[in-house]
Amino acid sequence: MWTARRLLAASTRQANPFRAYSSSSGNPPRAARRRGRLLAGAAAATTLAGAAALSYPSSSVAHQPPPPDTLPTSSELWLPPSRGEMLGRLKTTRAEGTTAVADGSEAAPFDLLIVGGGATGTGCAVDAAARGLRVALVERSDFAAGTSSRSTKLVHGGVRYLEKAFLHLDYDQYKLVVEALHERSVFLKIAPFLTSEIPIIMPVYNLLALPYYWVGAKFYGWFAGKEALSPSFFMSPRLAVENFPALKADGLWGAIVYYDGAHNDSRMNLTLALSAAKLGATVANYVEVVELIKKTDASSGTERVCGAVVRDQLTGVTWPVYAKGVVNATGPFADGLRKLDGGEKKTANIIAPSSGVHIILPNYFSPRKYGLIDPATDDGRVVFILPWQGYMLAGTTDAPSPLSENPLPSEQDIDWLLEEVNKYLDPSSVKVSRADVLSAWSGIRPLVKPPRAADGSTENLVRSHYIEVSPSGLLTITGGKWTTYRAMAEETVDASIKEFGLAPRKLCNTATMRLVGSDQWHPRQAVQLAQERELDPTLARHLSDSYGDRAVVVADAIRASPSPEAAARPLAHGFPYVVEEIRHAVRNEFACTAVDIIARRTRLAMLSAEAAHDALGLVIATMGDELGWSSARRAAEWDAAHTYLASVGLGIVGSAARTPQQTQTPSAHSVGGRSWAQFLGWAK
């Protein structure tokens, strides 16, 4: 048990690492320094009140194996089967009871057919395959094409939910926070190259709010127990402005800094799909369920779901896939599959769609190491301002939304976010305007609608997940959030084993099982990669952070290319993504379309709609050469990519969308061995 004096010292400690990012500009005025001295009294009073009851664990750091003497070669790493091979597996199954179908043969039904390739669906596939079950997963678009690539990028317990748990004595909210804090720790350990710990600043402009924020942050860390990240602390006004130079200093009493996790969401989703495949699961994107197959159960006389008719979205071919159980993990679209099972009129909706709007701004508005939270906006929502992929992300959630595959952020939402961001920036030197917005997108979260939520509001809905089994045996998992995907998957597979009478060969081990890319990865891998593969250090860091130990596959392909310089050519100026990553995504990551590349294998479209537009010709040409696309297919890809880019802000942020002729200069670019003029011919 810490003493009050130690707690106070910890809360006001100014660690040297934070000085490393200091700026010489923007010292607070004398009044602010006087307020800083007054602050010590408030902090001491709060500390003395809580010291007798609380003790705070030290930060838990995920164990990392020692770095290898040399990096592995590409041939030493597992590479996934092709999408064609996956489709071949899907086409071999027959219904139970069919002649010459032995249990365990390739023609036998899958144990589970999982519908949906987002975080929940791929998480279920990993869990089930890790237990030794025979698993198939189909996704009608690409992995992470929906909400799972449009998140706020946080891996967190939810400080807002903690506040609600206390204010409303809501035990469900408390359980959600505790579960999420545990899953946050797991998340950071099983995919360390895609996740990181991030300090988040809560600026204090009202002295009376300081004890409230300080105690809340301490409870947030305390509820994590031994799995807590770095401890929260108080930062003086001077250091707050030094570490967040654009922060408004006028009226600032200081800041509370707490820690949460962050990740690259679409890469994490893809890593789950690859991990499931490595464990033996059959996973296929661009395969849509068009009909559920049912048979009459001999013992009960009722119809039971025993598979689905699926369609390859790229070829139009349909065929049946048989399984002992079908799991509906389609996120905000769960009601659609439920109605395909139970009928349009007989099936009530359970999804209350909630949109989260996000914008990307240049990184000079915020530091590269700190995030910021606005816990109390005018309408009750929470706004996060976070460093992400070298840029500044600002986003919020909890606005009721219609259901859409590519939801568009409204003008009103973008303007509201800009207004909220500007509230925390120094008006004398910084002003964020619409012209600064590089991209804007909206993601739809599948909140579960309780019977009492008749007012259409989403702000008070519980964020926990929900499992339902229909009379015909369709098992639906929905709700929850990115952070708790693994716990949701474990509970879903447990329910599936019970409902469908499955016989797993192993217990669930996903809380300790490292995902693809993590086994031989180490924080110092980027240095080794730069030295051993003679890569630019910035490119080496990018590949390590994106692919983990599989970065060597991309690096070796660059070196083996007939023109390494062309293979390492950036897709767009100022971004780390290179041409060889396109080929790698096609060969080893199931990429099928240009949008897969610009939005989810790389994050170019999410970071800058214009930069993605500029790179589009190069992406289509490279993919077209790799996959043998016709001129008509290349033109279709151009059109589809522009439709997608409109959903992330092209034409409504920064400047208006440009014509293909304005995208790149013919004399400066040769696309895939062909002239740029030829590409313009394809796009017409």
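Quantities reported herein were computed from a predicted structural model and do not represent experimental measurements.

Draft legend 1. Representation of the overall build of the chain within the structure. If you tally the helices and strands in the chain, you get 23 helices and 19 strands. Going through the 684 residues of the chain one by one, you find that 57% of them count as buried. When the accessible surface of the chain is split by element, carbon and sulfur atoms take 54% of a total near 27,400 Å².

Draft legend 2. A look at unusual backbone geometry. Backbone geometry places Ala 144, a non-glycine residue, at a positive phi of 65°. Tracing the sequence through the fold places Ala 144 in the loop between strand E2 (135-139) and strand E3 (154-155). At Phe 590, a position not held by glycine, the phi torsion is positive, near 65°. Looking at the element boundaries, Phe 590 is found in the loop between helix H18 (579-588) and helix H19 (594-601). According to the relative accessible area criterion, Phe 590 is buried, its value standing at 5%.

Draft legend 3. Local environment of the pattern of salt bridges. Summed over the entire model, instances satisfying the criterion amount to 34 salt bridges. The salt bridge involving Lys 278 is made with Asp 519; its shortest N-O contact spans 3.8 Å. On the criterion of sequence distance, the pair formed by Lys 278 in helix H10 (residues 265-278) and Asp 519 in the loop between helix H13 (485-500) and helix H14 (525-532) is long-range, its members being 241 residues apart. Exposure remark for Lys 278: the relative accessible area of 42% places this residue in the partly exposed category. For Asp 519, a relative accessible area of 45% puts it in the partly exposed group. With its nearest N and O atoms 4.0 Å apart, the salt bridge here joins Glu 580 to Arg 587. When its relative accessible area of 44% is taken as the criterion, Arg 587 is described as partly exposed. Taken together, the salt bridges that share partners define one network made up of Asp 142, Asp 596, Arg 600 and Arg 601.

Draft legend 4. Seen up close, the nonpolar core. The biggest cluster of nonpolar side chains holds 84 residues, and the ones touching the most others in it are Val 283, Ile 359 and Tyr 485. With sequence-adjacent residues up to four places away left out, Val 283 is seen in contact with Met 86, Leu 137, Phe 143, Ala 273, Ala 276, Ala 277 and Phe 590. Ala 572, Val 586, Ala 599 and Trp 629 belong to the second largest nonpolar core, which has 39 residues in total.

Draft legend 5. How the structure looks around the packing of helix H6 (residues 159-167) against helix H7 (residues 171-190). Their axes nearest at 8 Å, the elements H6 and H7 cross at an angle of 150°. As for how H6 packs across H7, the hand of that crossing is left-handed. Across from Tyr 161, Leu 162, Lys 164 and Ala 165 in H6, the residues of H7 making contact are Gln 173, Tyr 174, Leu 176 and Val 177. Residue classes in the contact of H6 with H7 are distributed as six nonpolar, one polar and one charged.

Draft legend 6. Inspection of the pairing of strand E6 (residues 254-263) at higher detail. With ten of its ten residues buried, E6 lies for the most part within the structure. Alternating residues of E6 divide into Gly 254, Ile 256, Tyr 258, Asp 260 and Ala 262 and Ala 255, Val 257, Tyr 259, Gly 261 and His 263, and every residue in both groups is buried. Pairing of E3 with E6 involves two bridges; the strand directions are antiparallel. Bridged to Val 155 within E6 is Gly 261. Pairing between strand E4 (residues 195-204) and E6: ten bridges, direction antiparallel. By the bridge assignment for E6, Ile 200 is matched with Tyr 258. Of the pairings in the sheet, the one linking strand E5 (residues 233-235) to E6 comprises three bridges and is antiparallel in character. Note that in E6 the partner of Phe 234 across the bridge is Ile 256.

Draft legend 7. How the structure looks around the packing of H19 against helix H22 (residues 631-647). At a minimum axis distance of 8 Å, the contact between H19 and H22 shows a crossing angle of 30°. Taking contact as the criterion, the partners of Ala 594, Val 595, Ile 598, Ala 599 and Arg 600 in H19 are, on H22, Glu 637, Ala 640, Ala 641, Tyr 644 and Leu 645. Across the contact of H19 with H22, the residue classes break down as eight nonpolar, no polar and two charged.

Draft legend 8. Molecular detail of the packing of aromatic side chains. Summed over all chains, the structure comprises 16 aromatic pairs. Seen in terms of ring centroids, Phe 219 and Trp 222 are 5.6 Å apart; in terms of plane orientation they differ by 70°. Their pairing is edge-to-face. Here the residue Phe 219 and the residue Trp 222 both occupy positions in helix H8 (residues 209-222), the gap between them amounting to three residues, near one helical turn. Residue Phe 219 is classed as buried on the basis of its relative accessible area of 18%.

Draft legend 9. Expanded view of H10. For H10, which comprises 14 residues, the first-to-last C-alpha distance of 20 Å matches the rise-based estimate of 20 Å (1.5 Å per residue) to within 8%. Of all 14 residues in H10, 13 are buried; the element is thus mostly enclosed. Of the residues one or two after H10, Gly 280 is the one with positive phi, at around 110°.

Draft legend 10. Broad picture of the confidence of the model for the chain. Across the chain, pLDDT averages 85, with 82% of residues at or above 70. This stretch, residues 1-62, has a pLDDT under 50; its non-local contacts, to residues over four places away or in other chains, come to 89 contacts. Taken together, the stretch residues 655-678 has pLDDT below 50 and engages in 35 contacts with residues farther than four places along the chain or on a different chain.

Draft legend 11. Fine view of the side chain of Ser 74. Along the chain, Ser 74 falls in the loop between helix H3 (30-51) and helix H4 (83-90). Excluding anything up to four places from it in sequence, Ser 74 contacts Val 552, Val 553 and Asp 556.

Draft legend 12. Focus on the pairing of strand E16 (residues 465-469). As defined by bridge partners, E16 adjoins strand E17 (residues 475-479) across five bridges and the pair is classed as antiparallel. Residue pairing across strands places Tyr 466 opposite Thr 478, the latter belonging to E17. Taking the residues that link successive antiparallel strands as the turn, the E16-E17 hairpin has five residues, and the phi of Gly 473 there is positive, at about 95°.

Draft legend 13. Molecular detail of H7. Relative to the 28 Å expected for 20 residues at 1.5 Å per residue, H7 spans 29 Å between its end C-alpha atoms, a close match to the ideal helical length. Among all positions in H7, only Gln 173, Leu 176, Val 177, Ala 180, Leu 181, Glu 183, Arg 184, Ser 185, Val 186, Phe 187, Leu 188 and Ile 190 are buried. Among the residues of H7, the N-terminal cap falls to Asp 170, whose side-chain oxygen and the backbone nitrogen of Asp 172 are separated by 3.0 Å.

Draft legend 14. Structural detail: the environment of Val 115. You can see Val 115 is positioned in strand E1 (residues 110-115). Among all residues touching Val 115, those that are not within four sequence positions of it are Val 138, Val 289, Val 326, Val 327, Asn 328, Ala 329, Thr 330 and Leu 337.

Draft legend 15. Quick look at the environment of Asp 374. Of note, Asp 374 is situated in strand E12 (residues 371-374). On the basis of relative accessibility, which here comes to 4%, the residue Asp 374 falls in the buried class. Sequence separation between Asp 374 and Pro 203 is 171 residues, and the spatial gap between their C-alpha atoms is 8.1 Å. Not counting chain neighbours up to four residues away, the residues in contact with Asp 374 comprise Arg 381, Val 382, Val 383, Glu 420 and Tyr 424.

Cut-offs and rules
- Residues numbered from 1 in each chain as written.
- Predicted model: local features only at pLDDT ≥ 70, side-chain atom pairs only at ≥ 80, totals over all residues.
- Heavy atoms only, no water.
- Helix = DSSP H or I, 4+ residues; strand = E, 2+ residues; numbered from the N terminus.
- Buried < 20%, exposed > 50% of the residue type's maximum accessible area, 1.4 Å probe, protein only.
- Areas by Shrake-Rupley, 256 points an atom, 1.4 Å probe, with all protein chains shown as cover.
- Salt bridge = Lys/Arg side-chain N within 4 Å of Asp/Glu carboxyl O.
- Core = buried A, V, L, I, M, F, W, Y, C linked by side-chain atoms within 4.5 Å.
- Contact = heavy atoms within 4.5 Å.
- Axes fitted to C-alpha atoms, helices over the stretch in contact; angles between N-to-C directions.
- Left-handed = near helix turned anticlockwise from the far one by under 90°.
- Nonpolar A, V, L, I, M, F, W, Y, C, P; charged D, E, K, R; others polar.
- Pairing = 2+ DSSP bridges.
- Phe/Tyr/Trp six-rings, centres within 6.5 Å; stacked < 30°, edge-to-face > 60°.
- Expected span 1.5 Å × (residues − 1).
- pLDDT = per-residue confidence, 0-100.
- Polar contact = N/O pair within 3.5 Å; in protein donor to acceptor, adjacent residues only side chain to side chain.

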